[in-house]
Each structure stands twice: as C-alpha cells, then as structure tokens.
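What follows is each chain in one-letter form.
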Amino acid sequence: TETVPMPSFHSMDTDCSGCGAPGPIVSDDSLRFLEVTVVSTGWEEMQRGHLSFIEVNGDRYDRYYRGFMVIVVDALSGTVTQQRTFDTYQHTEADLDMANFIRNGIPDNSIVLVAVRDESSSKAKECLAALKEIGAQEPVKTDYRGNFALVGYKGTVWPTWMQQVNLPSAQGPAQIYVKIPLMG
C-alpha cells in the first residue's frame, strides 16, 4: 500500500486538482437561505398536544383552521406574500377554491408551503390534483384525519429541496424542516 500525501490547504486555494473534488470548492457568502418548518397534525395528534404550524425564518403561522393552510413565499426575496386556509372537511366549495388559488392565484417562482390540521380529506378532490402541479406526489389524499405536509414550488423547474410527508392518523405529526436557497 502506498501513501499519497494530500496537497496543502494553501495550494488548493486556486487549484483543486489534487483534492479529489470534481471542481473548485467555493463558498459564496452572498447566498441567502430560507429556513422552513412545516408541521401537520391530524385530530389524533392534536389530542396528544401537537400543534399544526408553518414557520418561515422564525415567523410562525398557526392561526386556527381546519383543512389546509397554504403559505406562499417569493422564491427570489424570501418574503411571505400570501396566507390562505381551506376547510375541505366541511365546505365543498373550498376544494375548487384551493385548486383555483394554486393554479391562478400563486405566481411563478413561488415556494408553496402546505400543512393540514385536523381533517382535510372529505371534500378534497380537485385541490389534490392542483397540489401535484406544485410538486406533491402520490399519495396526496390523506386518510381520515391524517397528516400531510408539503414544501412545493410553482414555476418551470422542480427544485431538489421539495418534500412531502403524508402519514395516517395517530402516526404523526408530519414534519418537514428544510433550508431553501433563495433564487435572488
């Protein structure tokens, strides 16, 4: 066995040919990130004291709702631009309202954060198809009083940071934590 010495740190400052990386390793202090936490709680999880919320850079969105909460963030600036809730448990029109909001009310280059609280599945149909348009994968529909969390994106690309957690009732909460690089 032969030992091959690694190049010194200073020699890698401008030339990384001996370090094994496919290219130069660069740190860019101008990169900005968005810290996101999405927590979804079904009814069983709520009975055990868990809370449903979405947090963006430390700002928590958790007003009372049943069904889906959708937070929209500008992917360039990191600014929260919209917050909506849709009670797809009780109100039939909430299904189409949510689908129309996702398709027509959210601009391109938007990070879309979704959390379910209590129950969302009884009247959810078209809104589930719309969730697929921003990155959700099957299974999208939750079990009765299940847990669903999504970090999606509306735009022309599919970023690698998109995530989804869908858990049956009493197996949650569904939780996502991700640092998202801003595009601007």
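Here, the structure is the one placed above.
Not measured: the values here are computed from a predicted model. (Residues numbered from 1 in each chain as written. Predicted model: local features only at pLDDT ≥ 70, side-chain atom pairs only at ≥ 80, totals over all residues. Heavy atoms only, no water.)

Caption draft 1: Representation of the pairing of strand β1 (residues 33-42) in the model. The buried count for β1 comes to 8 of 10 residues, which makes it a mostly enclosed element. Of the pairings in the sheet, the one linking β1 to strand β9 (residues 174-181) comprises 8 bridges and is antiparallel in character. Residue Val36 lies in a different strand from β9, and its bridge partner there is Val178. Taken together, the 4 bridges between β1 and strand β2 (residues 53-56) define a ladder with antiparallel strand orientation. Among the inter-strand pairings, Val39 is bridged to a residue of β2, identified as Phe53. Sheet topology places β1 next to strand β6 (residues 110-118); 2 bridges connect them, and they run parallel. (Buried < 20%, exposed > 50% of the residue type's maximum accessible area, 1.4 Å probe, protein only. Helix = DSSP H or I, 4+ residues; strand = E, 2+ residues; numbered from the N terminus. Pairing = 2+ DSSP bridges.)

Caption draft 2: Structural context of the environment of Val112. By the element assignment, Val112 lies in strand β6. Look at Val112 and you get buried, because its relative accessible area is 0%. Distance from Val112 to Tyr153, taken between C-alpha atoms, is 5.4 Å for residues 41 residues apart in sequence. When near neighbours in sequence (up to four residues on either side) are disregarded, Val112 contacts Val70, Ile71, Ile106, Ile134, Leu150, Val151, Gly152, Tyr153 and Lys154. (Contact = heavy atoms within 4.5 Å.)

Caption draft 3: Layout of the pairing of β2. Pairing analysis gives 3 bridges linking β2 to strand β3 (residues 59-61), with the strands arranged antiparallel. Residue pairing for β3: Ile54 is matched across the bridge by Tyr61. Here β2 folds back onto β3 in antiparallel fashion, the turn holding 2 residues, of which Asn57 has a positive phi close to 50°.

Caption draft 4: Layout of the nonpolar core. The biggest cluster of nonpolar side chains holds 24 residues, and the ones touching the most others in it are Val38, Ile111, Leu113 and Val151. Every element with two or more residues in this core is listed here: β1, β2, β4 (67-74), β6, β7 (147-154) and β9. When residues in this core are grouped by element, the largest group, 4 residues, is from β9. The contacts of Val38, once residues within four sequence positions are left out, are Phe53, Ile54, Leu113, Val114, Ala115, Ala149, Leu150, Val151, Ala174, Gln175 and Ile176. (Core = buried A, V, L, I, M, F, W, Y, C linked by side-chain atoms within 4.5 Å.)

Caption draft 5: Representation of the side chain of Asp87. On the secondary structure map, Asp87 appears in the loop between β5 (80-86) and α2 (92-105). Taking relative accessible area as the criterion, Asp87 reaches 15% and is therefore assigned buried. A polar side-chain atom of Asp87 sits 3.1 Å from the main-chain amide nitrogen of Tyr89. When neighbours within four sequence positions are excluded, Asp87 is seen to be in contact with Arg66, Gly67 and Ala94. (Polar contact = N/O pair within 3.5 Å; in protein donor to acceptor, adjacent residues only side chain to side chain.)

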